[in-house]
Amino acid sequence: MEQYIWLIPLIPFIGFLINGLGRNVLSKSLVTFIGSGAVLASFILSIMVFMSVPSGADAQPLIFKAFDIINIPTLQVPFAFQIDALTSLFLLIITGVGFLIHVYSSAYMSEDKGFAKFFSYLNLFIFFMLILVMGNNFVMMFIGWEGVGLCSFLLIGFWFTNPEYIKAAKKAFIMNRIGDVGFLLAMFWIFKEFGTLEYVKVFSQLAIDPSAFTGFVLTGITLLLFLAATGKSAQLPLFTWLPDAMAGPTPVSALIHAATMVTAGVYLVIRANELYTLIPEVGYVIAALGAFVAIFAATMALVNNDMKRIIAYSTLSQLGYMFVAAGLGAYWVALFHLAAHAFFKSVLFLGA
């Protein structure tokens, strides 16, 4: 697996560079081949990873380290990938749905002047989303987290000659930054308490002696992480950016706001499930908020007459269901609905 694991995010990044730098000279057919082919190649490699990932209750994640992002006596942050069952499923969702949306975009955007630029942005988005789910520490997740935020800004405001679309892009970008403050504070707090930001090392300390960490500490960290999740997954109160994000081209809605980016918040809660399991009270808060959003967003859809906005509110509602399951500790249920939602909501957007 180590021979090709690095190619999964690298190939879409190369596609971004080629289409971005050659956007004025490459033909549309070549741009389509490079952009879609890069994601297809990553999908094929993701299937290989999925078939060979360790499974079972005692399975240990596979760690692949390339170099150190930070290496000082008090802090070591490696650029490393962690491959386990959760990661392998997300790889299939991101690259599988992403490839189909790339193919759809080749026809949908065929008359657009920024055709090559659009495909380069899509490839860059796939790259950052892969970094988000493949990293073995919170810093790498944050790099991907910020990267998909940047790409959402570029793609929502892709038709930048319309002032309203620019407002929608800025709204999405700024509201996501509010959640990101929670992520940063949580990372600082995790490092203060655990002395590391790597998932395996943090969770192993919890498993050895959970009583070493006070309820106040764990409650604070989990609430801050959930604040980050509310921004990325458009939960109350940071939810108003998602309907406005329909300003972007329809494939953007299908990719970012159904299949990948908005599910990053759910991924964060599931990835940090060892923390949330120790503080069930925080899980109950997440579940209650998710249940409210599930109903609240559905009622908002009833009074809209724009098809894409109706589906956007439906996305909010479905994300609420995922947080209900995750908050109650049924992480596998949240994950199942996340995977199913990625496909059916993408199809709904593309059909709109």
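Here the residue numbering is sequential within each chain, running from 1 through the sequence in written order. With pLDDT at 70 or above as the cut-off, local features in this predicted model cover only qualifying residues; side-chain atom pairs require 80 or more to be listed or tallied, and sums for whole chains, interfaces and linings still use all residues. Excluded from the side-chain calculations are hydrogens and water; all other atoms, namely the structure's heavy atoms, are used.

J.: Can you help me understand the overall build of the protein chain in this one?
T.: In terms of helices and strands, the protein chain carries 15 helices and two strands. A compact globule built from 352 residues should have a C-alpha radius of gyration of about 20 Å, and the protein chain, at 20 Å, falls within 12% of that. In terms of overall dimensions, the protein chain has C-alpha extents of about 60 × 50 × 35 Å along its principal axes. Residue burial is assigned from relative accessible area. The probe radius is 1.4 Å, only protein chains are included, and a residue is buried under 20% of its type maximum, exposed over 50%, and partly exposed in between. Taking all 352 residues of the protein chain together, the buried fraction comes to 57%. Contacts are assigned to residue pairs that have any heavy atoms within 4.5 Å of one another. Put simply, of all contacts in the protein chain between residues at least 6 apart along the chain, 77% involve residues at least 24 apart. Per-residue and other accessible areas follow the Shrake-Rupley method at a 1.4 Å probe size, with only the shown protein chains counted as cover for residues. Carbon and sulfur atoms make up 71% of the accessible area of the protein chain, which totals about 14,200 Å². Each charge sign in the protein chain was given a centre, from 16 positive and 16 negative side chains, and these centres are 12 Å apart. We count a stretch as a helix when DSSP gives it H or I for four or more residues in a row; a strand needs E for two or more, and each element gets its number in order from the N terminus. Note that the radius of gyration is over C-alpha atoms, with the globule rule given as 2.2 Å times the number of residues to the power 0.38. Counting rule for charge: Lys and Arg are taken as positive, Asp and Glu as negative, and neither His nor the chain ends is counted. We put the charge of a Lys on NZ, of an Arg on CZ, of an Asp on CG and of a Glu on CD.

J.: Quick question: what am I supposed to make of helix H7 (residues 199-208) here?
T.: Owing to its 3.6 residues per turn, the α-helix aligns residues three or four sequence positions apart on the same side. All of the buried residues along H7 are Tyr-199, Val-202, Phe-203 and Leu-206. Down the axis of H7, the sector holding all buried residues measures 90°, keeping them to one side. The directions from the helix axis to the C-beta atoms are what the arc is built from.

J.: Just checking my understanding: could you explain the environment of Asp-68 for this structure?
T.: Take Asp-68: it is sitting in strand S1 (residues 62-72). Judged by its relative accessible area of 30%, Asp-68 is partly exposed. The sequence separation of Asp-68 and Leu-289 amounts to 221 residues, and the corresponding C-alpha distance is 38 Å. Apart from residues no more than four positions distant in its own chain, Asp-68 is found in contact with Val-77, Pro-78 and Phe-79.

J.: Is there a simple way to think about the pattern of salt bridges in this case?
T.: Opposite charge on two side chains lets them pair, provided their charged atoms get close. A carboxyl oxygen of Asp or Glu within 4 Å of a side-chain nitrogen of Lys or Arg is what we treat as a salt bridge. According to the stated counting rule, one finds nine salt bridges in the structure shown. Put simply, Lys-192 and Glu-193 hold a salt bridge, and the shortest N to O gap is 3.4 Å. We classify Glu-193 as partly exposed; its relative accessible area is 25%. Ionic contacts of the salt-bridge type, sharing partners, join the residues Glu-146, Arg-177 and Asp-180 into one network.

J.: I tried to follow the packing of aromatic side chains on my own but got confused; where do I start?
T.: Geometrically, a pair of aromatic rings is defined through the distance of the ring centres and the angle of the planes. In summary, the pairing rule links any two rings of Phe, Tyr or Trp, Trp by its six-membered ring, whose centres are within 6.5 Å, and it sorts them by plane angle into stacked for under 30 degrees, edge-to-face for over 60 and tilted for everything else. Per the counting criterion, the structure on display carries 23 aromatic pairs. Judged by centre distance (5.7 Å) and plane angle (40°), the ring pair of Phe-13 and Phe-16 falls under tilted. Of the two residues, Phe-13 and Phe-16 are both situated in helix H1 (residues 7-21); the distance of three residues between them amounts to about one turn of the helix. An angle of 80° between the planes, with centres 6.5 Å apart, marks the rings of Phe-118 and Phe-119 as edge-to-face. A relative accessible area of 0% places Phe-118 in the buried class. These aromatic residues form a ring-pair network of at least three members: Phe-115, Phe-118, Phe-119, Tyr-121 and Phe-158. Geometrically, a charge over a ring is one whose NZ (Lys) or CZ (Arg) sits within 6 Å of the ring centre while staying within 35 degrees of the ring normal. The ring of Phe-115 has Lys-28 sitting right over it, with the charged end atom 5.7 Å from the ring centre. Between Arg-177 and the ring centre of Phe-173, over which it is positioned, the NZ or CZ distance is 4.4 Å.

J.: I would appreciate a short explanation of a nonpolar patch on the surface in the present structure.
T.: The residues that make up patches have over 30% relative accessible area and no salt bridge, and they are joined within 9 Å when like-charged or within 5 Å when they are Val, Leu, Ile, Met, Phe, Trp or Tyr. A cluster of nonpolar residues, Phe-67, Ile-69, Ile-70, Ile-72 and Ile-143, forms a patch on the protein surface that exposes about 390 Å² of accessible area. If one sorts the elements of the nonpolar patch by residue count, S1 sits on top with four residues. Relative to the elements of secondary structure, Phe-67 occurs in strand S1. Judged by its relative accessible area of 45%, Phe-67 falls in the partly exposed class.

J.: Would you mind showing me how to read the packing of helix H2 (residues 28-52) against helix H3 (residues 85-108) here?
T.: In a packed pair of helices, the relevant descriptors are the angle between the two axes and the axis-to-axis distance. Taken N-terminus to C-terminus, the directions of H2 and H3 make an angle of 160°; their axes are 8 Å apart at the nearest point. Judged by the angle between their axes, H2 and H3 are roughly antiparallel. As for the relative orientation of H2 and H3, their crossing is left-handed in sense. For the pair H2 and H3, the contacting residues are Thr-32, Gly-35, Ser-36, Val-39, Leu-40, Ser-42, Phe-43, Ser-46, Ile-47, Val-49 and Phe-50 in the first and Ser-88, Leu-89, Leu-91, Leu-92, Thr-95, Gly-96, Gly-98, Phe-99, His-102, Val-103 and Ser-106 in the second. Each axis is a line fitted through C-alpha atoms, taken for helices only over the stretch in contact, and angles between the N-to-C directions span 0 to 180 degrees. Each angle is binned into one of four classes, with values under 35 degrees roughly parallel, values over 145 roughly antiparallel, values of 65 to 115 roughly perpendicular, and all other values oblique. By convention the crossing between two helices is left-handed if the near helix lies anticlockwise of the far one by an angle smaller than a right angle, and right-handed if it lies clockwise.

J.: Teacher, can you tell me more about the environment of Gly-329 here?
T.: Along the chain, Gly-329 falls in the loop between helix H14 (307-327) and helix H15 (331-351). Assessed through its relative accessible area of 27%, Gly-329 is described here as partly exposed.

J.: Where do I start with the packing of helix H5 (residues 138-156) against helix H10 (residues 250-259) in this structure?
T.: Relative to each other, H5 and H10 sit at 160°, their axes nearing to 11 Å. In terms of axis orientation, H5 runs roughly antiparallel to H10. Regarding H5 and H10, the two cross each other, and that crossing is left-handed. Taking contact as the criterion, the partners of Cys-151, Ser-152, Leu-155 and Ile-156 in H5 are, on H10, Val-252, Ile-256 and His-257. Considered class by class, the residues forming the contact of H5 with H10 number five nonpolar, two polar and no charged. Only Asp, Glu, Lys and Arg are considered charged, only Ala, Val, Leu, Ile, Met, Phe, Trp, Tyr, Cys and Pro nonpolar, and every remaining residue, Gly among them, polar.

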